[in-house]
Amino acid sequence: MKNILIINCHPHQESFNYAMVNAYKKGAKNNHVNIDEVIISKLKFNPILEYGYQKRTELEPDLLATWEKIKTADHLVIFYPTWWGGLPGYTKSFFDRLFLPGMAFQYKENSVWWDKLLKGKTAHIITTMDTPPFYFWLVYRNSGINQLKKNILEFCGVDVKKTTVVSPIRNSKPEFRKNWLEKIELLGEKLE
């Protein structure tokens, strides 16, 4: 049985990101999979990597429990809003604090290379933004998406199978949002 972990990175329960998470879960519910969810804004942890990588800051119980969910997940579905071209601050802190050497990756001694400790896992990134996707790609070069996809997930061995950009959200009409919720539900049905 496949284990899917949804990581919800939006702090506001009335957001479109929450509606998309619910649509995805609705689509996936009949697929005989285990679905778990982490809501980052509900986790209790110090967002600051106080010592950088020189000394390990002890992981709080919420981060330890989340790490267990990540370890058992086969597929991660990460929903986040693009703010200022990237991840929300608390989301970046989540990855800073949790995707650590010895857990998500391991540098090789006397080498510039590293071991990717999350190999075998796949992911789907779903982000909302106000910027039209072509402009975000052309002007900003997909900055936030590349940070999460290449610099975090793929660095640690997670194979990002798909990226979905829902945009522009600002000034969007109810029909636009309804159509996107249907598409997200279908992604859940397909377990993408």
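**Quick notes on the overall build of the protein**
Along its length, the protein carries 6 helices and 7 strands. In the protein, the order of α-helices and β-strands from amino to carboxyl end is β-α-β-α-β-α-β-β-β-α-α-β-α. The C-alpha radius of gyration of the protein comes to 17 Å, within 12% of the 16 Å expected for a compact globule of 192 residues. Expressed along its principal axes, the backbone C-alpha trace of the protein runs to roughly 55 × 40 × 30 Å. Burial status across the protein gives 45% buried among its 192 residues. For the protein, the proportion of contacts with a sequence separation of at least 24, taken over those separated by at least 6, is 78%.

**A closer look at the environment of Asn151**
Mapped onto the elements, Asn151 comes out in helix 5 (residues 143-153). Overall, Asn151 belongs to the exposed group, its relative accessible area being 55%. On a C-alpha basis, the gap between Asn151 and Val112 in space is 15 Å, while along the polypeptide they are 39 residues apart.

**Let's talk about the environment of Gly27**
In this fold, Gly27 is placed in helix 1 (residues 16-28). Of the residues examined, Gly27 reaches a relative accessible area of 7% and is grouped as buried. Here the alpha-carbon distance between Gly27 and Glu182, two residues 155 residues apart in the chain, equals 9.0 Å. Non-local contacts of Gly27, meaning those with residues more than four positions away in its chain, are made with Glu185, Gly188 and Glu189.

Reading guide: rules and limits
Residues numbered from 1 in each chain as written. Predicted model: local features only at pLDDT ≥ 70, side-chain atom pairs only at ≥ 80, totals over all residues. Heavy atoms only, no water. Helix = DSSP H or I, 4+ residues; strand = E, 2+ residues; numbered from the N terminus. Rg over C-alpha atoms; globule rule 2.2 N^0.38 Å. Buried < 20%, exposed > 50% of the residue type's maximum accessible area, 1.4 Å probe, protein only. Contact = heavy atoms within 4.5 Å.

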